[in-house]
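Analysis of the macromolecular model
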Amino acid sequence: MLQKRKRILTGDRPTGNLHLGHYVGSLANRVKLQKEYDCYIIIADVQALTTHWDKDENLARNVYQITSDYLAAGLRPEDSIIFIQSMIPEIHELTMYFSMFTSVNVLRHNPTIKSEAAQHGFSDMTYGFLGYPVSQAADIAIFKADLVPVGEDQIPHIELARKIVRRFNSLYKPVLVEPDVLVGDVPRLIGLDGQAKMSKSLNNAIYLSDSIEDVNKKIWNAVTDPARIRKTDPGHPEICTVFEYHNVFNSNNTEEIETDCRKGQIGCVECKKKLAAKINELLEPMRERRQQYNQNDIRDILIEGTKTAHLAAKKTIQEVREAMAIDYFAKK
Ligand code: TRP
């Protein structure tokens, strides 16, 4: 018998252009996974509203931008169903059913919710923000995803999704699938300024949409070992951002660079040039792929993906309603 392919669901909030941190942390993996799995990629625009409800004028632009970044990175519309969260009403319906048996205290103690609330300076949380993990559980459950590849910060949400699905299945009927988390083994990419994380809000990112010149300029300004003034000064790669990037983007040559840096045989200028060339080598095929899609193509891809996702969601919600015995007009 032909074995059914496992289904993956993952996605992002459309809050800005995707950068190299997203690429090494998740996109590169998705590009690989799309060949083996049934892949659903959610553009979580409703979830973006939980923190950006007053900046909705950027939302449409960001939805198109993130899709363009996905395609540039190598997600193929033939293999990955890219769709928009707000356009699948069944997700919101399922969120509502899930919220009937999800406790407020469990949400309040969710470590990711706590740290995000602190980061955004929320003294009080909105109902939508506190409840977004419930909506995320619905994102996953409505598509009966088997696997959810995410970063570490998302683990509490996937754990909750598992619990909610288990609870639903035992309360009503076992129609939903308990998802497994698939955590990447890549460490988080540090920022150009040496800060712990590459991020748009810290203004320390290289974007997938950056030009050759942007990349060269950003690497040129990146922080290196402050003790090194002359090329002949021995360097300390272990505290150098540029070296850390060599580790990620130029892994075949790191040993040589490390030795030469420690001996003062390669200067920061040359080292940065080598790195910038490597990063541009990675981004070049993305630049070419991006060229292949105009605004209308992206729109068509989103329409098509959303249509396919909607069909799958409608099927599940029927089963959900039947399980909950609220399918009032179904012929028995
Ligand atoms: N919370 C995820 C993030 O901020 C985005 C997301 C929304 C998601 N729904 C999802 C991820 C479902 C995996 C599965 O990156």
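Quantities reported herein were computed from a predicted structural model and do not represent experimental measurements.

The rules behind these values
Residues numbered from 1 in each chain as written. Predicted model: local features only at pLDDT ≥ 70, side-chain atom pairs only at ≥ 80, totals over all residues. Heavy atoms only, no water. Helix = DSSP H or I, 4+ residues; strand = E, 2+ residues; numbered from the N terminus. Lys, Arg positive; Asp, Glu negative; His and termini not counted. Charge placed at Lys NZ, Arg CZ, Asp CG, Glu CD. Phe/Tyr/Trp six-rings, centres within 6.5 Å; stacked < 30°, edge-to-face > 60°. Lys NZ or Arg CZ within 6 Å of the ring centre and 35° of its normal. Near = heavy atom within 4 Å. Polar contact = N/O pair within 3.5 Å; in protein donor to acceptor, adjacent residues only side chain to side chain. Nonpolar A, V, L, I, M, F, W, Y, C, P; charged D, E, K, R; others polar. Buried < 20%, exposed > 50% of the residue type's maximum accessible area, 1.4 Å probe, protein only. Core = buried A, V, L, I, M, F, W, Y, C linked by side-chain atoms within 4.5 Å. Domains from an automatic or database assignment. Contact = heavy atoms within 4.5 Å.

For the chain, the helix and strand inventory stands at 14 helices and 5 strands. Oriented by its inertia axes, the alpha-carbon framework of the chain measures out at about 85 × 45 × 45 Å. One way to put it: in the chain the 43 positive side-chain charges average out to a point 3 Å from where the 44 negative ones average out.

The next subject is the packing of aromatic side chains. One pass over the full model with this rule turns up 10 aromatic pairs. Through a chain of ring-to-ring contacts, the aromatic side chains of W53, F122, F129 and Y132 assemble into a single cluster. Sitting above the plane of the Y132 ring, R13 keeps its charged end 4.7 Å from the centroid. If you follow K272 out to its NZ or CZ, it ends over the ring of W220, 5.9 Å from the centre.

Next up on the list: the site of the ligand. Close to the ligand lie 13 residues; R13, Q47, Q136, D139 and Q154 are nearest. Here a nitrogen atom of the ligand and a side-chain polar atom of Q136 are 2.9 Å apart. One of the side-chain nitrogen or oxygen atoms of Q154 is found 2.9 Å away from a nitrogen atom of the ligand. Those elements giving two or more residues to the shell around the ligand turn out to be β1 (7-12), α8 (132-142) and β4 (147-150). Classifying every residue of the shell around the ligand gives 6 nonpolar, 5 polar and 2 charged.

Once that is clear, we can look at unusual backbone geometry. Phi is positive for K144, close to 50°, though the residue is something other than glycine. Looking at the secondary structure, you find K144 in the loop between α8 and β4. You will see that A325, though not glycine, has its phi angle at about 55°, which is positive. Examined against the element boundaries, A325 turns out to sit in the segment after α14 (295-323). Judged by relative accessible area, A325 falls into the exposed class, the value being 54%.

So, about the nonpolar core. Counting 45 residues, the largest nonpolar core has L20, Y70, L208, I219, Y245 and I279 as the members making the most contacts within it. Two domains each put at least three residues into this core: domain 1 (7-189 + 294-324) and domain 2 (212-289). I279 has contacts with L20, I206, V215, I219 and F249, leaving out every residue within four places of it along the chain. Core analysis: the second largest hydrophobic core is formed by 43 residues, A138, V150, A313 and I317 among them.

With that out of the way, let us pick up the environment of R7. Mapped onto the fold, R7 is located in strand β1. Separated by 195 residues in the primary sequence, R7 and L202 have C-alpha atoms spaced 34 Å apart. When residues no more than four places from it in sequence are discounted, the contact partners of R7 are D38, Y40, F143, K144, A145, D146, L147 and A312. Of the polar contacts made by the side chain of R7, one reaches the backbone oxygen of F143; its length is 2.9 Å.

Summarising the element assignment, A145 is placed in the loop between α8 and β4. Under the relative-accessibility criterion, A145 is labelled buried at 0%. In the structure, A145 is positioned 31 residues away from L176 in sequence and 9.1 Å away in space, judged by C-alpha atoms. A145 has contacts with R7, I8, L9, I140, V177 and P179, leaving out every residue within four places of it along the chain.

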